[in-house]
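So you can see what is in the structure, the chains are spelled out below.
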Amino acid sequence: MSAKSANLKDFLTLPVLETFDQEKIKANIPHREPFLLVDEVRVLEPGKKYLGIRHVRADEYYFKGHFPGKPVMPGVLVVESMSQAFGGAIMSDISKGKGIPLFLSIDEAKFRGMVRPGDTLEMPIEVLRLGKISKIYAEAYVNGKLCTQATLNFILGESSHD
């Protein structure tokens, strides 16, 4: 599935089967504040469809320099938020504690709108492949408007440098 042909906006209104809060997300991925960029993940269809949520706060560290007086969430951090939502939802299922998810590639990323302090970022995710190498297609919306889309590929990396 390419970023050009997909549209996950209908995921925003699908029934939620389960919701993972930050504690559950932290049990699945190694990210911590100030670099934990997802607040909750809603399970829409286990192993296939998810919705990540990020409440973008005015005190986020990156707004001081991006951009003073006109704060905008960097697009790469929106992509990172989508990645963390995916990992926070399913990483414990596929890694079994034997690795951490690392970007392999980011394909067909498009940035179509800005994310500002106070926005709620809704990130529908469709899982295209799960395993040692996983692939997702994800979008990010603010107030129902598409602001980012990308196909993300991950590999399970070593969990330590030992």
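Everything numeric in this text was worked out from a predicted model, so none of it was measured. (Residues numbered from 1 in each chain as written. Predicted model: local features only at pLDDT ≥ 70, side-chain atom pairs only at ≥ 80, totals over all residues. Heavy atoms only, no water.)

Novice: Summarise the overall build of the chain; cite the residues concerned and give the values.
Specialist: In terms of helices and strands, the chain carries two helices and seven strands. Each helix (α) and strand (β) of the chain, taken in turn from the N terminus, gives the series β-α-β-β-α-β-β-β-β. Taken along the three principal axes of its C-alpha coordinates, the chain extends 45 × 40 × 30 Å. Across the 162 residues of the chain, 47% fall into the buried class. (Helix = DSSP H or I, 4+ residues; strand = E, 2+ residues; numbered from the N terminus. Buried < 20%, exposed > 50% of the residue type's maximum accessible area, 1.4 Å probe, protein only.)

Novice: So what's going on with the pattern of salt bridges? Residues and values would help.
Specialist: Per the counting criterion, the structure on display carries nine salt bridges. A salt bridge links aspartate 39 to arginine 54, with the shortest nitrogen-to-oxygen separation between them at 3.1 Å. One end of the pair, aspartate 39, is in the loop between helix H1 (22-28) and strand E2 (40-45); the other, arginine 54, is in strand E3 (residues 49-55), and 15 residues separate them in sequence. Both residues of the pair, aspartate 39 and arginine 54, count as buried. (Salt bridge = Lys/Arg side-chain N within 4 Å of Asp/Glu carboxyl O.)

Novice: Break down the pairing of E2 for me, with residues and values.
Specialist: In this structure, strand E1 (residues 18-20) lies alongside E2, joined through three bridges in antiparallel fashion. Bridge pairing links threonine 19 to arginine 42 in E2. Linking two consecutive strands that pair antiparallel, namely E2 and E3, is a turn of three residues; a positive phi of about 80 degrees is found at glycine 47 within it. (Pairing = 2+ DSSP bridges.)

Novice: Outline unusual backbone geometry, supporting the account with residue identities and numerical values.
Specialist: Following glutamate 33, the chain continues to proline 34 via a peptide bond in cis, the omega torsion being 10 degrees. Residue position: proline 34 is located in the loop between H1 and E2. Backbone torsion omega between histidine 66 and phenylalanine 67 reads 0 degrees, so that peptide bond is classified as cis. Take phenylalanine 67: it is sitting in the loop between E3 and helix H2 (75-95). Even without being a glycine, glutamate 108 presents a positive backbone phi close to 50 degrees. Structurally, the position occupied by glutamate 108 is in strand E4 (residues 100-111).

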